[in-house]
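Architecture and fold: a report
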Amino acid sequence: MRLLQILFLSFFSFFCSILMATPHIGYIYPSGGQRGTTFDITIGGQNMDEITGLFISGEGVNGQFIKILPKLNRDKKDVNREQENEQISERVIFTIRIDKKAKLGMRDLRIQTKNGFSNRLFFEVGELTETIEPAYVESIQPIATPFIANGQIFPGKTDKIKFKANKGETIVCHTKARALIPYLADAVPGWFQAVLTLKDKNGNEVAFNDDYMLSPDPVIIYKIPQTQHYTLEIRDAIYRGRADFVYRIAIGALPYVTSFFPLGGQKGKSVKVDLKGVNLTKNQLQVKIPLSNENKIQLSAEGNQHIASNSFMFATSNYREYTSSKKHLTKKDALPISLKTIMNGQMNSNEQYHWFKFEAERKEQIMVEVNARRLGSPLDAQITIFNSNNQIIAQNDDFADKSEGMVTHHADAKVIFKTWKTDTYYIRLRNLQGTGSVHHNYRLLLDRPKPDFSLRIEPSNLTINRGNTAAFTVHALRKNGFKGNIELDFKALPKGYTYSNNIIKKGNNKLMMTITAPSNAKLGILNLQMEGWANYKGERIVRKAEPAEELMQAFLYLHLLPAKDFLATVVPSLPYRISTGIENTIAMGENDSIRIKVKLDRNDNFSIPVRVFLSSYNKGIKAKPIVFKDDMREVSFKIETYNAKPGSQYAVSIKGIAKKAAIKKGKKKKGKKNKAEFITVLSPAFELEIKDD
């Protein structure tokens, strides 16, 4: 049933995007470049006509639109044997200029058309020389390292990259493929699964990798036994391919951090971080942790010629933090730990269990949480809680943290339990994958659970017509048993803008909201900001609502990936508007019906029929579409509930669609149809609440 719901929602969203002709981008090639250079990129997607610009987050990177390429013609022989995909069939070219002092790392890139912003894709600013396929494929001479190779993999294809390496060098071949396009909706396992093979000059395989530790993106680290030419091969694991199977591979004697310890530290403190890896100038970083609301900061180390290593995420907290120094492999050697503490540990090669103990009063709520996999550690944690009589009180081995959109195997553990009596309690931390290594680091938190929440907004790009309405969804990721209301507010919203119902109520984890622009709104870009707040036992909890992209993996799974900006494009008005005039919450029964008045405000020269219906699918609520004909201005619209869950909250908006006949432009090609234009609008949302009798 869940599969059918997800497929329906995906189709509905896709159908609506077609009606609105919002741009969608599926790949960027190349997906990055060297700072201080100018080069062209190709963007593949859909609905990319009438381009007005390119938006790249941060400073120092700019793009200029060059041209639209002819649409791929599947009637002719496809030399790449590429699978047809309408969503990446359109291609445009931009020229990119990266400043010499631009900050290294990933940026958010979107195109902008007359209909607003596209979705976000990642674009990387690098510091190494770049080469682009087919330059290195056709080259007879090996390429001098270090460099980054950019390419695309097509069906049955293997790319070969030749380079020279010297005896004694430790060569790193670091791939970014899933890091560029995290999820593919129509491919299993849900991303381009790259495979690397390194061969010597005689064609002998000397190294191979298809997953590096926990990452689907492969990395080869190989110490060169003799100076010669080597060939790196990259392909898909099962020889699939398509234009959006894009990769970047950094090749050379590059600095690479394989693990670090500790995985985090206390805010406001200075922490020494030990590094494991290759080609590093130092094996330790001194990190001054800022006092901020961020719970992670991005770090990197340095190699020769001041080249930056791969980046990694370092956790920050407001807790007291300690590092375990003595062995605590058995219950009798359990390490004492107190509440409101994080213990940083490492499970070494001869270890499978770490033990801790703490004192607690009767009927105390206690939380124990391990953070390892979310920070790149291979530890597969299991937590088991014992009392002094060796009875198991609680156990967990997989805790799904929905705020971690890139994680598909939630291997960290978390338990919340109530103590039976005043006693000494024991925590057994186990690595379910067997014994550990110098890479199996973790952070173990002991505290009383503090109810909390985080917020995600999707989509992260809106198009708002003057005098009309746009919709978005706010997801509440509730933590540690928080069940209360969350009130949402825009910060510094321009004068004249209004927004709909703004409370995520108890028992609900998301809310569809709408924002309406005034008829005289200034055209252009709005960078929106929202926050949510709640009261818990007299304490006010305030959290920023983070913009996000909801991405589908392999036809089924949905993930929320944070974006840097919540952007809206304000565009000219449409020839009609829809409203209901409803401002207060409407209460309904589990199986009930109600009629509301839907009003249509037309421009004088607009008389096309308008079909109105519920704007989104919600289980438990339905309505039959109605058509406004000729000069109709108001209709009675019936909404029904069926087996609706008591206490449920529905945000309801009415969508209107008017089909404008196609305008004939020149001679029509045989078998081709002129496209009709669909004009879609939304009413401001109102709230339905199912009575809880």
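Structural data are supplied above this passage.
Residues numbered from 1 in each chain as written. Predicted model: local features only at pLDDT ≥ 70, side-chain atom pairs only at ≥ 80, totals over all residues. Heavy atoms only, no water.

Focus on the packing of aromatic side chains
Inspection of every chain in the model, using the stated rule, returns 17 aromatic pairs. On the basis of an interplanar angle of 10 degrees and a centroid distance of 6.4 Å, the ring pair of Phe39 and Phe123 is categorised as stacked. Placement of the pair is Phe39 in strand 3 (residues 38-46) and Phe123 in strand 9 (residues 121-126), with a sequence separation of 84 residues. A relative accessible area of 0% places Phe123 in the buried class. For the pair Tyr212 and Tyr256, a centre-to-centre distance of 5.8 Å together with 85 degrees between the ring planes defines the contact as edge-to-face. (Phe/Tyr/Trp six-rings, centres within 6.5 Å; stacked < 30°, edge-to-face > 60°. Helix = DSSP H or I, 4+ residues; strand = E, 2+ residues; numbered from the N terminus. Buried < 20%, exposed > 50% of the residue type's maximum accessible area, 1.4 Å probe, protein only.)

Concerning the sheet that holds strand 13 (residues 170-176)
Spatially, five strands are ordered 10-11-18-13-16 in an open sheet, and the strand pairing comes out mixed. Of all the strands in the sheet, the pair left with one neighbour each is strand 10 (129-132) and strand 16 (219-223). Ignoring which end each strand starts from, the neighbouring axes of this sheet average 15 degrees apart. The pairing of strand 13 with strand 18 (residues 246-252) spans five bridges and is antiparallel. Considered in strand 18, the bridge of Val172 is made with Gly252. (Pairing = 2+ DSSP bridges. Axes fitted to C-alpha atoms, helices over the stretch in contact; angles between N-to-C directions.)

Topic: the pattern of salt bridges
Applying the stated criterion to the full structure yields 27 salt bridges. Between Asp244 and Arg242 there is a salt bridge; the shortest N-O distance is 2.8 Å. This pair shows no difference in class: Asp244 is buried, exactly as Arg242 is. Here Arg374 ties to Asp401 by a salt bridge, and the two come within 2.9 Å at their closest N and O atoms. (Salt bridge = Lys/Arg side-chain N within 4 Å of Asp/Glu carboxyl O.)

Points about the nonpolar core
Proteins that are soluble and globular tend to have nonpolar side chains buried together. Ranked by size, the top nonpolar core spans 35 residues in total, and within it Phe163, Leu232 and Ile249 carry the most contacts. Elements with a contribution of two residues or more to this core: strand 1 (24-29), strand 11 (147-152), strand 12 (159-165), strand 13, strand 14 (194-199), strand 16, strand 17 (228-236) and strand 18. Among the elements that take part in this core, strand 18 stands out by supplying four residues, more than any other. Those residues within four positions of Leu232 in sequence are excluded, and the remaining contacts are Asp159, Lys160, Ile161, Phe163, Cys173, Leu196, Thr197, Leu198, Ile220, Ile249 and Ile251. Within the second largest apolar cluster, 32 residues are counted, among which are Leu455, Leu462, Tyr497 and Ala534. (Core = buried A, V, L, I, M, F, W, Y, C linked by side-chain atoms within 4.5 Å. Contact = heavy atoms within 4.5 Å.)

Considering the sheet that holds strand 34 (residues 441-447)
With respect to topology, five strands assemble into an open sheet ordered 25-27-34-29-32, the strand pairing being mixed. The sheet is open, and its two edges are formed by strand 25 (320-323) and strand 32 (414-418), each paired on a single side. This sheet shows a mean twist of 15 degrees between the axes of neighbouring strands, independent of strand direction.

Re the side chain of Thr95
Structurally, Thr95 is set in strand 6 (residues 90-98). Relative accessible area serves as the criterion here: at 9%, Thr95 is assigned to the buried category. Within the structure, the side chain of Thr95 is placed 2.7 Å from the side chain of Asp40, a separation counted as a polar contact. Excluding its chain neighbours within four sequence positions, the residues that come into contact with Thr95 are Thr38, Phe39, Asp40, Asn62, Gly63, Gln64 and Ile66. (Polar contact = N/O pair within 3.5 Å; in protein donor to acceptor, adjacent residues only side chain to side chain.)

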